[in-house]
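# Architecture at a glance
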Amino acid sequence: MAIAGADDEAGTPLLSETVNGSVDYRSKPAVRSSSGGWRSAGLIIGVEVAERFAYYGISSNLITYLTGPLGQSTAAAAANVNAWSGTASLLPLLGAFVADSFLGRFRTILAASALYILGLGILTLSAMIPSDCKVSSCSSPRFQVIVFFSALYLVALAQGGHKPCVQAFGADQFDENEAKECKAKSSFFNWWYFCMCFGTLTTLWVLNYIQDNLSWALGFGIPCIAMVIALTIFVLGTRTYRFTIRREERSAFVRIGNVYVRAVKNWSVSAAVVADAEESLGLVSSKNSQQFSFLNKALVANNGSCSIDELEEAKSVLRLAPIWLTCLVYAVVFAQSPTFFTKQGATMERSITPNYKISPATLQSFISLSIVIFIPVYDRILIPIARSFTHKPSGITMLQRIGTGIFISFLAMVIAALVEMKRLKTATDYGLVDSPDATVPMSVWWLVPQYVLFGITDVFAMVGLQEFFYDQVPSELRSVGLALYLSIFGIGNFLSSFMISVIEKATSQSGRVSWFANNLNQAHLDYFYWLLACLSFIAFVSYLYFAKSYVSKRLNTI
């Protein structure tokens, strides 16, 4: 892949990008130097800030809307939130495939943004349905619910096209073959997440208050307007962007799929024949070449063969699987902050002044706030210090960064379990076990440490996963790489929903009180948190094992 500048020799703008995501011209150094870099990346980051503002404007307070206006139980609402979040995190796989194979990242972003605006508009209209129409007076009692969930999943579909492409397109503005821009790209992932959290903070401080105290329709309508503005800004910056040029006639999907197919067809070939094929093609014996050596059978020409480069592409994708799997528990832990953490906060003392109570969903702002504070410390202080010892451009490796985040998430769940034990004890001491609507005389600020740890773990694990999956896939599949990272959280949300359903059924049998009872003073969220803490520790140990044996696509990056 090469990098193209803003215009070709005839002055054709970047909108001449072809259907398959490539462009039909070669860039000149002078033109390329006037495009891309932090200027273009800054515009793209601005679009992401607006998108996150819109997304968290829905997700952060969704459980409150489901248990309030829609009247769902706590367990049902948590399952619905996890199902929607999981779908929204898995759909980027579809969006990335469309972008990398057909439309290209730029056009996929345009289409996804338009779909986002449509979904948010319908969501706003659903919240404007009169309250008497929601239950009885409409021709269909479930009309408002149907409209709401249709719009909700339309937003999830739009996010599936938007999320992987915007970040990959932003990283594409830096040339990894130039030392200065390669270093800038490493910082890009830090500052991308830093700026994104400002959008989240604004959501949690402003939109949640509007939704809880003024109007849900207004709370959903403002993100719609923000996305219209973001799309306008993105289009205005068109001539400043860099695009990648596809050099291969066949797409990366076809090349990688061909390796797997050839390996299966040659499954019965002897080791001696494979060794001869390796030698004839000049495959040097190394740790890289011997890992997943069964794929080397694709080099045998009996049924058609592949090149060494194609073989390495296929292996680089397969190497991601153990890391992907061991990060799933981290994703399950990550799913708890917008669901049970929020419901806990709703039961506690939230008064700031005699006339003002903080919204329980607003507590999630401490995740974003800790990220905003910690990322500059990490990027400007910790990394330079680490760089002086390790002599690596990134200070610590991507896998070390991810592992640190997973361990901190384990500590966060331990603290969450201890705090919930104290909340339950306080409710018991004050005789509030059978009073679900009573306020437990325990400050909501007790929840802040677990939120702060969630923010710090994001700086390590979340940003590390973004950079890792972008860096370790073939360059033509970088949208797919970021979609794979997002799919961790999609599957994690589904796993969380599945665990909740199973535990809900198991613990509510024979008339017993469920761990997730609507009356949280009788429930046992602390048991659930201890279970997640144990699973997190097991996942951390597993991650260390696989990370130690991981073979990087490039030397000295892992």
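Residues numbered from 1 in each chain as written. Predicted model: local features only at pLDDT ≥ 70, side-chain atom pairs only at ≥ 80, totals over all residues. Heavy atoms only, no water.

Where an unreviewed UniProt entry is consulted, the chain appears under the name Major facilitator superfamily (MFS) profile domain-containing protein, with the organism given as Arabis alpina. Per UniProt, the chain carries the Sequence similarities (unreviewed entry) text "Belongs to the major facilitator superfamily. Proton-dependent oligopeptide transporter (POT/PTR) (TC 2.A.17) family." (UniProt positions renumbered as here; feature names shortened; annotations may be inferred.)

Moving on to the pairing of strand β6 (residues 440-443). Covered by surrounding structure in β6 are Val-440 and Met-442 only, the residues Pro-441 and Ser-443 on the alternate face being uncovered. The sheet contact formed by strand β3 (residues 348-349) and β6 spans two bridges and is parallel. Its bridge partner lying in β6, Met-348 is registered against Val-440. (Buried < 20%, exposed > 50% of the residue type's maximum accessible area, 1.4 Å probe, protein only. Helix = DSSP H or I, 4+ residues; strand = E, 2+ residues; numbered from the N terminus. Pairing = 2+ DSSP bridges.)

So, on to the nonpolar core. If you look at the biggest cluster of nonpolar residues, it comprises 132 residues, and the most contacted ones within it are Phe-148, Leu-465, Phe-468, Ile-488, Phe-528 and Tyr-529. For Ile-488, the contacting residues outside a window of four places in its chain are Trp-324, Cys-327, Leu-328, Ala-331, Leu-465 and Phe-469. Counting residues in each nonpolar core, the second largest holds 17 residues, with Leu-295, Val-300, Cys-306 and Leu-477 among its members. (Core = buried A, V, L, I, M, F, W, Y, C linked by side-chain atoms within 4.5 Å. Contact = heavy atoms within 4.5 Å.)

Here the focus is the packing of helix α4 (residues 74-103) against helix α5 (residues 105-127). Across the interface, α4 lies against α5 with an axial gap of 8 Å and an inter-helix angle of 130°. Between α4 and α5, the crossing angle belongs to the class labelled oblique. In the packing of α4 onto α5, the handedness of the crossing is right-handed. Mapping the contact onto sequence places Gly-95, Ala-99, Asp-100 and Leu-103 in α4 and Arg-105, Arg-107 and Thr-108 in α5. The residue inventory of the contact of α4 with α5, partitioned by class, reads two nonpolar, two polar and three charged. (Axes fitted to C-alpha atoms, helices over the stretch in contact; angles between N-to-C directions. Parallel < 35°, antiparallel > 145°, perpendicular 65-115°, else oblique. Left-handed = near helix turned anticlockwise from the far one by under 90°. Nonpolar A, V, L, I, M, F, W, Y, C, P; charged D, E, K, R; others polar.)

Take a nonpolar patch on the surface next. Where nonpolar side chains cluster on the molecular surface, the patch consists of Val-377, Ile-381, Leu-382, Ile-385 and Phe-389 and spans about 460 Å² of accessible area. Position of Val-377 relative to the elements: it lies in helix α17 (residues 365-390). (Patch = residues over 30% accessible without salt bridge, like charges linked within 9 Å, V, L, I, M, F, W, Y side chains within 5 Å. Areas by Shrake-Rupley, 256 points an atom, 1.4 Å probe, with all protein chains shown as cover. Salt bridge = Lys/Arg side-chain N within 4 Å of Asp/Glu carboxyl O.)

Here the focus is the side chain of Thr-342. Relative to the elements of secondary structure, Thr-342 occurs in helix α16 (residues 340-346). Judged by relative accessible area, Thr-342 falls into the buried class, the value being 1%. Setting aside anything within four residues of it in sequence, one finds Thr-342 in contact with Ile-63, Thr-64, Ser-337, Pro-360, Ala-361, Gln-364 and Tyr-451.

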